[in-house]
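Chain and residue survey
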Amino acid sequence: MDHYDEDGNYMQQEDDWDRDLLLDPAWEKQQRKTFTAWCNSHLRKAGTQIENIEEDFRDGLKLMLLLEVISGERLAKPERGKMRVHKISNVNKALDFIASKGVKLVSIGAEEIVDGNAKMTLGMIWTIILRFAIQDISVEETSAKEGLLLWCQRKTAPYKNVNIQNFHISWKDGLGFCALIHRHRPELIDYGKLRKDDPMTNLNTAFDVAEKYLDIPKMLDAEDIVGTARPDEKAIMTYVSSFYHAFSGAQKAETAANRICKVLAVNQENEQLMEDYEKLASDLLEWIRRTIPWLENRMPENTMQAMQQKLEDFRDYRRLHKPPKVQEKCQLEINFNTLQTKLRLSNRPAFMPSEGKMVSDINNAWGNLEGAEKGYEEWLLNEIRRLERLDHLAEKFRQKAAIHEAWTDGKEDMLQKRDYETASLSEIKALLKKHEAFESDLAAHQDRVEQIAAIAQELNELDYYDSPSVNARCQKICDQWDALGVLTQKRSEALQRTEKLLETIDQLYLEFAKRAAPFNNWMEGAMEDLQDTFIVHTIEEIQGLSTAHEQFKATLPEADKERQAILGIHNEIAKIVQTYHVNIAGTNPYTTINPQEVNAKWDKVRQLVPQRDQALIEEHARQQNNERLRRQFATQANVIGPWIQNKMEEIGRISIEMHGTLEDQLTHLRQYEKSIVNYKPKIDQLEGDHQLIQEALIFDNKHTNYTMEHIRVGWEQLLTTIARTINEIENQILTRDAKGITQEQLNEFRASFNHFDRDHSGTLGADEFKACLISLGFDIGNDAQKRTGIMDAEDFKTCLISMGYNLGENEFSRIMSVVDPNRMGIVTFQAFIDFMSREAADTDTADQVMASFKVLAGDKNYILADELRRELPPDQAEYCIARMAPYTGPDAVPGALDYMSFSTALYGESDL
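Residues numbered from 1 in each chain as written. Predicted model: local features only at pLDDT ≥ 70, side-chain atom pairs only at ≥ 80, totals over all residues. Heavy atoms only, no water.

As recorded in an unreviewed UniProt entry, the protein chain goes by Alpha-actinin-1 isoform X1 and comes from Betta splendens. For the protein chain, the Sequence similarities (unreviewed entry) comment in UniProt is given as "Belongs to the alpha-actinin family." (UniProt positions renumbered as here; feature names shortened; annotations may be inferred.)

Comments concerning the overall build of the protein chain
Check the secondary structure of the protein chain and you find 33 helices and 8 strands. Taking all 912 residues of the protein chain together, the buried fraction comes to 45%. Here the contacts in the protein chain between residues at least 6 apart in sequence split such that 74% fall between residues at least 24 apart. With the model as given, the accessible surface of the protein chain reaches about 46200 Å², and the carbon-plus-sulfur share is 50%. (Helix = DSSP H or I, 4+ residues; strand = E, 2+ residues; numbered from the N terminus. Buried < 20%, exposed > 50% of the residue type's maximum accessible area, 1.4 Å probe, protein only. Contact = heavy atoms within 4.5 Å. Areas by Shrake-Rupley, 256 points an atom, 1.4 Å probe, with all protein chains shown as cover.)

Comments concerning helix α4 (residues 61-71)
Within α4, burial applies to Leu 63, Met 64, Leu 66, Leu 67, Glu 68, Ile 70 and Ser 71. Each element contacted by the buried residues of α4 is listed here: α2 (25-43), α5 (84-100) and α7 (118-134). Directly beyond the C-terminal end of α4, a positive phi value near 75° is found at Gly 72.

Focus: the packing of aromatic side chains
Counted by the stated rule, this structure contains 24 aromatic pairs. When the centroid spacing of 5.4 Å and the interplanar angle of 45° are considered together, the rings of Tyr 277 and Phe 336 count as tilted. You can see Tyr 277 sitting in helix α12 (residues 233-296) and its partner Phe 336 sitting in helix α13 (residues 304-345), a full 59 residues away along the chain. Residue Phe 336 is classed as buried on the basis of its relative accessible area of 8%. Taken together, the aromatic side chains of Phe 167, Trp 171, Phe 177, Phe 207, Tyr 239, Phe 243 and Phe 247 make up a single cluster linked through ring pairs. For the cation-ring pair, Lys 411 lies above Trp 407, with the distance from its terminal atom to the ring centre recorded as 4.9 Å. (Phe/Tyr/Trp six-rings, centres within 6.5 Å; stacked < 30°, edge-to-face > 60°. Lys NZ or Arg CZ within 6 Å of the ring centre and 35° of its normal.)

Quick look at helix α19 (residues 539-554)
Taking 1.5 Å per residue, 16 residues should reach 22 Å; α19 reaches 23 Å between its end C-alpha atoms and fits that length. Of all the residues in α19, the buried ones are Ile 539, Ile 542, His 549 and Phe 552. Down the axis of α19, the smallest arc covering the buried residues is 145°, so these residues share one side. Opposite its buried face, α19 presents the exposed residues Glu 540, Gln 551 and Ala 554, each directed more than 90 degrees away. (Expected span 1.5 Å × (residues − 1). Arc of directions from axis to C-beta.)

Comments concerning the confidence of the model for the protein chain
Chain-level statistics for the protein chain give a pLDDT mean of 79 and a share of 81% at 70 or above. This stretch, residues 1-23, has a pLDDT under 50; its non-local contacts, to residues over four places away or in other chains, come to 56 contacts. pLDDT under 50 marks residues 760-788. Its contacts with residues more than four places away, or in other chains, come to 48 contacts. (pLDDT = per-residue confidence, 0-100.)

Here's the deal with the side chain of Lys 322
Looking at the secondary structure, you find Lys 322 in helix α13. Note on Lys 322: relative accessible area 2%, which makes it buried. Excluding residues that lie within four positions of it along the chain, Lys 322 makes contacts with Trp 287, Tyr 317, Trp 366, Glu 370, Glu 373 and Glu 716.

Points about the nonpolar core
By size, the foremost hydrophobic cluster in this structure holds 76 residues, and its most contacted members are Ile 128, Phe 177, Ile 181 and Phe 243. With 11 residues, the top contributor of residues to this core is α7. Those residues in contact with Ile 181 that sit more than four places away from it in its chain are Pro 186, Leu 188, Ile 189, Ala 206, Val 209, Ala 210, Leu 214, Phe 243 and Phe 247. (Core = buried A, V, L, I, M, F, W, Y, C linked by side-chain atoms within 4.5 Å.)

Brief notes about the environment of His 620
Tracing the backbone shows His 620 in helix α21 (residues 595-656). Its relative accessible area of 24% is what places His 620 among the partly exposed residues. Along the primary structure His 620 and Val 536 are separated by 84 residues, whereas in three dimensions their C-alpha atoms are 9.5 Å apart. If we ignore the near neighbours within four places in the chain, the residues touching His 620 are Ile 539, Ile 542 and Gln 543.

As for the state of the cysteines
Summed over the entire model, instances satisfying the criterion amount to 0 disulfides. For Cys 478, which is in no disulfide, the shortest distance to another cysteine sulfur is to Cys 474 and amounts to 4.1 Å. (Disulfide = S-S within 2.5 Å.)

Digging into the environment of Leu 280
Summarising the element assignment, Leu 280 is placed in helix α12. Measuring from C-alpha to C-alpha, the distance between Leu 280 and Lys 329 comes to 8.7 Å, with 49 residues separating the pair along the chain. Sequence-distant contacts of Leu 280, defined by excluding residues within four places in its chain, comprise Glu 328, Leu 332 and Asn 335.

Let's talk about the pattern of salt bridges
Using the criterion set out here, one finds 52 salt bridges in the structure. With a closest N to O distance of 2.7 Å, Glu 528 and Arg 448 form a salt bridge. Taken together, the residues span a long stretch of sequence, with Glu 528 in helix α18 (residues 507-531) and Arg 448 in helix α16 (residues 425-461) at a distance of 80 residues. Across the salt bridge formed by Glu 650 and Lys 647, the nearest N and O atoms sit 3.7 Å from each other. Remark: Lys 647 and Glu 650 occur in helix α21; sequence separation between them is 3 residues, near one turn of the helix. (Salt bridge = Lys/Arg side-chain N within 4 Å of Asp/Glu carboxyl O.)

Some words on the packing of helix α8 (residues 144-156) against helix α9 (residues 175-184)
Two elements in contact, α8 and α9, have axes whose closest approach is 9 Å; the angle formed by their N-to-C orientations is 65°. Taken together, the axes of α8 and α9 lie roughly perpendicular to each other. Crossing of α8 over α9 shows left-handed handedness. Note on element contacts: α9 touches α8 through Gly 176, Ala 179, Leu 180, Arg 183 and His 184, opposite Trp 151, Cys 152, Arg 154, Lys 155 and Thr 156. When the residues that make up the contact of α8 with α9 are grouped by side-chain class, the tally is 4 nonpolar, 3 polar and 3 charged. (Axes fitted to C-alpha atoms, helices over the stretch in contact; angles between N-to-C directions. Parallel < 35°, antiparallel > 145°, perpendicular 65-115°, else oblique. Left-handed = near helix turned anticlockwise from the far one by under 90°. Nonpolar A, V, L, I, M, F, W, Y, C, P; charged D, E, K, R; others polar.)

Focus on the UniProt feature "coiled-coil region" (unreviewed entry) in the protein chain
Per the UniProt entry, the sites bearing "coiled-coil region" (unreviewed entry) are residues 263-290 and 428-462 in this numbering. Span residues 263-290 is 100% helix and 0% strand, its end C-alpha atoms 41 Å apart. For residues 428-462, the helix share is 97%, the strand share is 0%, and the end-to-end C-alpha distance is 50 Å.

Details of the side chain of Ser 71
In this fold, Ser 71 is placed in helix α4. At 3.2 Å, the side chain of Ser 71 and the backbone nitrogen of Glu 73 are in polar contact. (Polar contact = N/O pair within 3.5 Å; in protein donor to acceptor, adjacent residues only side chain to side chain.)

Description of unusual backbone geometry
Located in the positive-phi region is Asp 215, a residue other than glycine, with phi close to 60°. With respect to the secondary-structure elements, Asp 215 resides in the loop between α10 (199-213) and α11 (222-226). Although it is not a glycine, Asp 859 sits at a positive phi angle of roughly 70°. Examined against the element boundaries, Asp 859 turns out to sit in the loop between α30 (846-856) and α31 (865-871). For Asp 859, a relative accessible area of 62% gives the class exposed.

Some thoughts on the environment of Val 609
Secondary-structure assignment places Val 609 in helix α21. Owing to a relative accessible area of 8%, Val 609 belongs among the buried residues under this scheme. When the C-alpha atoms of Val 609 and His 549 are compared, they prove to be 8.7 Å apart, with 60 residues separating the residues in sequence. Those residues in contact with Val 609, other than ones at most four positions away along the chain, are Leu 530, His 549, Phe 552, Lys 553 and Leu 556.

Quick look at the packing of α2 against α7
In contact at an axis separation of 10 Å, α2 and α7 are set at 50° when each is read in the N-to-C sense. Our classification of the angle between α2 and α7 gives oblique. With respect to the hand of their crossing, α2 and α7 are arranged in left-handed fashion. Residue-level inspection shows Glu 28, Gln 31, Arg 32, Phe 35, Trp 38 and Cys 39 of α2 in contact with α7, the latter providing Ala 118, Leu 122, Ile 125, Trp 126, Ile 128, Ile 129 and Ala 133. Taken together, the residues that form the contact of α2 with α7 break down as 10 nonpolar, 1 polar and 2 charged.

Okay, structure coming up:
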């Protein structure tokens, strides 16, 4: 064991130089070879070496250079003369330096070294090796020789065929050297193939591998050890100490590499999270961009079937396509918050997404989507109502047009006849009366023509798709009607010219014609009304139709009396003809209506009445079912709507109030989340009832103020709020655990935050000012204020001052840039607690990473790619090589990389 004397000088207890022992030629040869290689391993750093150990140190120059290299200190300026006195002076300077390091030199003088005394020179070199290569070795409170021996024993303990007890015969088989190399660099030696009975191979393998891969020069040959009964202890100790220093440096490099790996792993993970956010944000914005034009398309369809298909497509969008996007939007916000938290915890700058991909940009785009969605659904329902109205009007137009065209068929030919020119007087009078009846009938049809024109006009105003054919038919009817008016006037004038020539007229025929025509018109109108289609949406409307129908049925007895009276006129005519044998040609000259036609139409009216009754009964039943659907939907909506509102308020209270630990709050919130998710079947049931209402074309519901849209928006907001609140609590737990914050500290932070978080005004009003005075020591009463969960900049500054921070404007601006990187003008509780905890945080810094790189670079100001690949995992080594800038310092070499700028860039202090 190494010791120091009472003067503090280094001594050797059992390793004093034995001059007689050096006379052993084998040992002297081993020491000469080992010490020479050891010296050259250091001198080559200065660009020189020795060939003969006793000759090359005689002038003292290389001896002084060796001491400067191994100590890292500058010695006194050497003498450059070649005289003996100059050499002795240089050697004395070297010996004085050795003595200054606490080494007591026994019987070693400068003259002996200058004279080339091999024994003294080897003794001096051994003393240097002990002091600078072995003395500082310390393992488990042992040092020097014992420490080196204990280190060898610890490292070779797992190898059963290696037993290191000393520094001579324990190393003869070479397995000790191989075990040390395999323990630290197992890839360099296939230890399983080594044999204890083949020491030459073992020693050569160890010495060659050490020289090639570990930068340990070959200090001995295998023959020197195998051919000696007891190898020289000092030579072996010198050789083994080189292994110790080589592997202890590797351990430091490994520690430095581990630190760099840790920092790079965090950076790589954060970059992956940023890439994931950018991709998810781009995909969501692209989906919104493609969906909004579809929702804003207001091109109407021409048929109810096509519009119903549009409505079905919209339902699929709400049920199938939109919900996953709602989840993606919520997940995007959660990922963004988690990423920002991780960046703060790893002392990285806040993440700023690409332009147009901020969370606020996505929220704005989502708002535009929902605005377009709401207008689209309203437009669909209005279009369906419009098409329904159009179909009803078009059918009504066709019915009235068909009846009118049937009535006008042949009327122009009749009016253009000149039969009055050859008619008898009675025939003339009959023709005149007939024409008067026709004029009466024409006037009665005037209303129908006006109705046809009005319906056509309405169809045009409502953009009916077949308006051209409707307009053409209407125009044809109107032109024909005008022509009938002109022809009627002309025939009337012709008959009136001959009226004075006609004196006899059959009053009964005329009376029949006058009464039959309006009655016939009434029956046609009644048939039209009884066959007219109707559209109602409420019980009240169908009840109104039923009442009107009952009123119509009440008029039937009087109508039947009129029919009997008309038929009585015809019977009277027949009686007169039979009684007086009147010779008349053909039928009634004043009308084309006959009793058979009157009876047939009357029978038709009587047949349509019960059919109308049945249609009204069926419609009444349908409206009752619609009313049931309204009440069924309203009953559920009136429960679900308030329930959603209550849950939103409860979640808000949980996120603000301080009840229990963060884990208790998180457990409470997750129980709320579970209860909310379990409520989903009721929402689905309400969706089913809403679908039934839409399929029944029910457009209003007086039993509730809640629409399905209100419920959907509330439900989506509830799911988003609970997920966001849980994520905030999880981030608070992550911050607390990473920063070592106690629950009491967290409660204190929350209490201070809540005290100054007063309202949504964004300024410090009267109440806030009152609270500020209290925090400064004034005894002023303070009422409870509304908690919002965020502070504006002024409130946050007041809170910091109350907690002991002496803030100027510049310092406060710096703090605001940390807690509000997005410059929103508000401070969330998460940012507040991050700031409070960061004051005592122990996180990796750019200087620590820079120091680690410097270890890997061997104290150089730059690092090479090969050094990075040797010390770091492949992926992280390539990550550094790709991002490090070339080093341009005065000591730069080809391929040098600047690890200093790279380290500062990792922490946002410069550009990466």
